[in-house]
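Understanding the architecture of this molecule
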Amino acid sequence: MVTDYDSPRKIDDAGQEGYADTLTRRPDLASAAIDVDETELAESLELPGADLSGEELAVRVIPPQPDEFTCSRCFLVRHRSQRVSELSGQQICLECAA
C-alpha cells in the first residue's frame, strides 16, 4: 500500500476530542498518593557520626606493582611514566610538580 504523506489528512470529527475534554479526563497527578514506608526509609539513611563498629568492610588490597610509585605529595599511586624526578629522595608526580 502506497501512502502519500504530502496529501492532507482526513479528519474524523466524530472520533476527535476537544482540549477541554482531555483535561477533564486526565487524572489529578497531585492527588496520587505514594506509598512510602517511613521506617524502611529511615533504616537506609546513614547519619554522620553513627556507630559503625559492628560493620565489616571487605576490600581486596593489591600490593604495589613494580611499574608504580606513590607520590610523596598527593599520596596517589601513579604509573612510573608520571614520575617527574626524585627530589631529595622523594618521588613526585607530574601534577604535583606543575
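From a predicted model like this one, the values you see are computed outputs, not experimental measurements. (Residues numbered from 1 in each chain as written. Predicted model: local features only at pLDDT ≥ 70, side-chain atom pairs only at ≥ 80, totals over all residues. Heavy atoms only, no water.)

**A closer look at the overall build of the chain**
Definition in use: Going along the chain from the N terminus, every DSSP run of H or I of four or more residues is numbered as a helix, and every run of E of two or more is numbered as a strand. Each residue is placed in one exposure class: buried if its accessible area under a 1.4 Å probe, protein chains only, is under 20% of its type's maximum, exposed if it is over 50%, and partly exposed if it falls in between. Working rule for contacts: check all heavy atoms of both residues, and any pair within 4.5 Å makes them a contact. In this description, accessible areas are obtained by the Shrake-Rupley approach with a 1.4 Å probe, and a residue is regarded as covered only by the protein chains that are shown.
Of regular secondary structure, the chain possesses three helices and four strands. When its helices and strands are written in sequence order, the chain yields α-α-β-β-β-β-α. When each of the 98 residues of the chain is scored for burial, the buried share is 5%. By sequence separation, contacts in the chain at least 24 residues apart represent 4% of the contacts at least 6 residues apart. Accessible area of the chain: about 9800 Å², with a carbon and sulfur share of 53%.

**Notes on unusual backbone geometry**
We note that F75 has phi near 60°; this positive angle belongs to a residue other than glycine. Relative to the helices and strands, F75 resides in the loop between β1 (68-70) and β2 (77-79). Since its relative accessible area comes to 61%, F75 is described here as exposed.

**Re the packing of aromatic side chains**
Quick reminder of the rule: Each Phe, Tyr or Trp ring (for Trp, its six-membered ring) is paired with any other whose centre lies within 6.5 Å, and the angle between the two planes then decides the class: stacked below 30 degrees, edge-to-face above 60, tilted in between. Charges are assigned to positions over rings by a cutoff of 6 Å between ring centre and Lys NZ or Arg CZ, combined with an angular limit of 35 degrees from the ring normal.
Under the criterion given, the structure shown has zero aromatic pairs. The residue whose ring lies beneath R83 is F69, and the NZ or CZ to ring-centre distance is 5.6 Å.

**Section: a nonpolar patch on the surface**
Put simply, the rule is: A patch is a set of surface residues, each over 30% in relative accessible area and not in a salt bridge, joined within 9 Å for like charges and within 5 Å for the nonpolar side chains Val, Leu, Ile, Met, Phe, Trp and Tyr. We define a salt bridge as a contact between a side-chain nitrogen of Lys or Arg and a carboxyl oxygen of Asp or Glu at a distance within 4 Å.
A cluster of nonpolar side chains, namely L57, V59 and V61, defines an oily patch on the protein surface of about 380 Å² accessible area. Tracing the backbone through its elements, the reader meets V59 in the loop between α2 (38-43) and β1.

**Brief notes about the confidence of the model for the chain**
Cut-off, in case you're wondering: The predictor attaches a confidence to each residue, called pLDDT, with possible values from 0 through 100.
Per-residue pLDDT for the chain has a mean of 77; in total, 71% of the residues score no lower than 70. Within the chain, the element-level pLDDT minimum falls on helix α1 (residues 19-25), averaging 65, and the maximum on β2, averaging 93.

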